[in-house]
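In case you want the letters, here they are:
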Amino acid sequence: MPQLKMEEKPCCAALSVQPSRGLVDEKFVVLVQNTVPSCPLTIHASHQCEDGHSWHAFAHYTSDASGAVNVSEDCSVGGTYSGVEAMGLLWSLKPVPGSKPGLRMRKKNVQAPMVITISVYKGHLTEGFGDQVPLAGTEVERWYMAPGVRRIAVTEDGLTATLFLPSGPGPFPGLLDLWGGGGQLVEYRAALLASHGIAAMALDYLTCKYTMETGKMVEQDYFEAAYTFLQKHPKVLSSRIAMLGLSLGTSVTLKTAVYSEVIKLRCAVCISGSHVQPLDGFLKETLGYFNENSGKTCFTEDNEAIWRNLLLPIPTDLSLKVDVGKLQCPLMLIVGEDDQNWCAYESAMDMKEMMERAGNSYLLTLLLYPNAGHLIEPPYTPHARSSLFRDVKSRQKLMALWGGQTLEHSRAQEDAWRKLLVFLRKNLYGGVKSTSPLSNL
């Protein structure tokens with residue numbers, strides 16, 4: 001990696017990050033050497049997003065008797081995080097002072113890396129990093145796409161999607177990746193899953209070409225077409241396909257997993273969502289049901305919208321919720337107990353009870369995370385407790401409260417991702433040898 005040009009310093013401080021190029025879910029080691037023993041130091045991370053906004057994180061350390069700091073082993077005594085946190089310089093990234101409110105970090109071009117500049121400064125600094133000359137610095141690349149992963153735009157059968165194929169000859173298990181109510185084609189999670197050996201297809205279902213041209217919402221057959229496309233792809237194992245949904249994507253995943261005659265999933269993962277929705281109809285009716293309950297919306301003192309009450313109390317009427325007692329594939333539910341956007345915890349408890357009554361609770365894996373919010377993303381993604389959200393129907397922007405406390409939420413993201421990958425490998429790769437390495441960087 002290119003070294004940043006630094007002012008000559010008598011101590012000749014050296015800073016290294018290993019690996020300097022890796023996947024976004026891969027840990028790195030930040031090591032400072034050749035400083036004065038027992039010297040107060042600030043290690044600083046900065047990143048400029050594709051939208052031009054700047055983010056940073058920093059932590060205060062004291063060098064040891066040999067003049068060194070190892071971020072993976074040493075304790076931060078202040079900054080954007082404290083304690084021993086190997087990846088704190090990533091998960092505690094926040095918009096720099098003076099940034100507009102409501103920012104959320106999301107990678108749009110997955111074919112280029114996130115570039116993070118790591119620097120070390122003398123003293124315990126909290127501001128003015130741009131005015132200081134660092135003792136040393138370097139750049140780090142974080143990728144969603146491992147070498148050899150292929151990105152393929154999919155427009156067949158009226159779909160608006162992107163397929164990511166792992167490196168290697170295949171065939172690979174497949175996965176349909178569904179995000180939530182913000183719409184758009186969001187690719188970074190699918191790209192990362194392909195880097196772990198799964199042919200993952202990100203699917204836009206709210207702002208897809210069909211909806212933009214006709215003004216109509218897609219029906220169940222749109223998702224069945226996506227499933228069939230994956231099933232017929234020569235690089236995909238046709239009987240080993242999963243679905244992953246977050247937020248509104250959970251509603252689609254559960255409904256199709258239980259009621260579709262076409263979609264036969266090997267397993268499903270649902271993050272921060274609910275089974276509550278009218279069984280009559282599909283997306284249009286589901287969103288209509290939410291809108292009928294919009295009077296239950298609450299607002300914080302900072303005018304942040306809280307939508308978690310829209311589906312509460314969980315209905316007893318079976319025509320208003322997916323009968324997960326009929327589910328025939330393994331299901332993983334990932335729930336942040338401080339989710340302020342969806343009633344994910346109450347929904348999970350009801351689904352658990354329904355499956356216990358039906359005798360299929362052996363299919364359920366439930367991950368509960370106290371003090372984690374709604375947006376449970378891949379590891380080390382900076383936590384956004386709230387951010388600007390554009391309503392797909394009205395196109396109006398408002399501030400949505402997602403919930404979560406930064407440290408606990410970040411821990412949840414790391415733990416949930418690790419367990420999600422184990423769950424997918426177990427259910428999708430059971431009895432099949434993978435030809436794709438799990439990390440290629």
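As shown above, the structure is provided for reference.
Residues numbered from 1 in each chain as written. Predicted model: local features only at pLDDT ≥ 70, side-chain atom pairs only at ≥ 80, totals over all residues. Heavy atoms only, no water.

Peer 1: Lay out the overall build of the protein in plain terms, naming residues and giving numbers.
Peer 2: Scanning the protein for helices and strands turns up eight helices and 21 strands. In summary, the protein has a C-alpha radius of gyration of 23 Å against a globular reference of 22 Å for 441 residues, a match within 12%. Projected onto its principal axes, the C-alpha coordinates of the protein cover approximately 75 × 55 × 45 Å. Burial statistics for the protein: of 441 residues in total, 58% are counted as buried. The contacts of the protein with a sequence gap of at least 6 include a subset with a gap of at least 24, amounting to 72%. Element-wise, carbon and sulfur atoms account for 51% of the exposed surface of the protein, whose accessible area totals about 18300 Å². Put simply, the protein has 41 plus and 44 minus side-chain charges, and the middle of one group is 5 Å from the middle of the other. (Helix = DSSP H or I, 4+ residues; strand = E, 2+ residues; numbered from the N terminus. Rg over C-alpha atoms; globule rule 2.2 N^0.38 Å. Buried < 20%, exposed > 50% of the residue type's maximum accessible area, 1.4 Å probe, protein only. Contact = heavy atoms within 4.5 Å. Areas by Shrake-Rupley, 256 points an atom, 1.4 Å probe, with all protein chains shown as cover. Lys, Arg positive; Asp, Glu negative; His and termini not counted. Charge placed at Lys NZ, Arg CZ, Asp CG, Glu CD.)

Peer 1: Describe the nonpolar core, with residues and values.
Peer 2: The biggest cluster of nonpolar side chains holds 68 residues, and the ones touching the most others in it are Leu-159, Met-201, Tyr-205, Phe-223, Leu-283 and Leu-331. When residues of this core are assigned to their parent elements, the largest contribution, seven residues, is made by helix α4 (residues 220-232). Filtering out sequence-adjacent residues up to four positions away, Leu-159 remains in contact with Val-154, Met-201, Leu-203, Tyr-222, Ala-225, Ala-226 and Phe-229. Listed in part, the 40 residues of the second largest apolar core include Leu-23, Tyr-144, Ala-191 and Leu-244. (Core = buried A, V, L, I, M, F, W, Y, C linked by side-chain atoms within 4.5 Å.)

Peer 1: Describe the layout of surface pockets, listing the residues and the values that go with them.
Peer 2: Taken as a whole, the second largest pocket encloses approximately 300 Å³ of empty space. The wall of the second largest pocket is formed by 18 residues, among which Lys-94, Pro-95, His-383, Ala-384 and Arg-385 lie closest to the centre. Split into classes, the residues belonging to the lining of the second largest pocket amount to nine nonpolar, six polar and three charged. (1 Å grid on protein atoms, 1.4 Å probe; cavity = no way out; pocket = protein on both sides within 12 Å on 5 of 7 lines; lining within 4 Å. Points joined across faces, edges and corners; volume = space filled by probe spheres on them. Nonpolar A, V, L, I, M, F, W, Y, C, P; charged D, E, K, R; others polar.)

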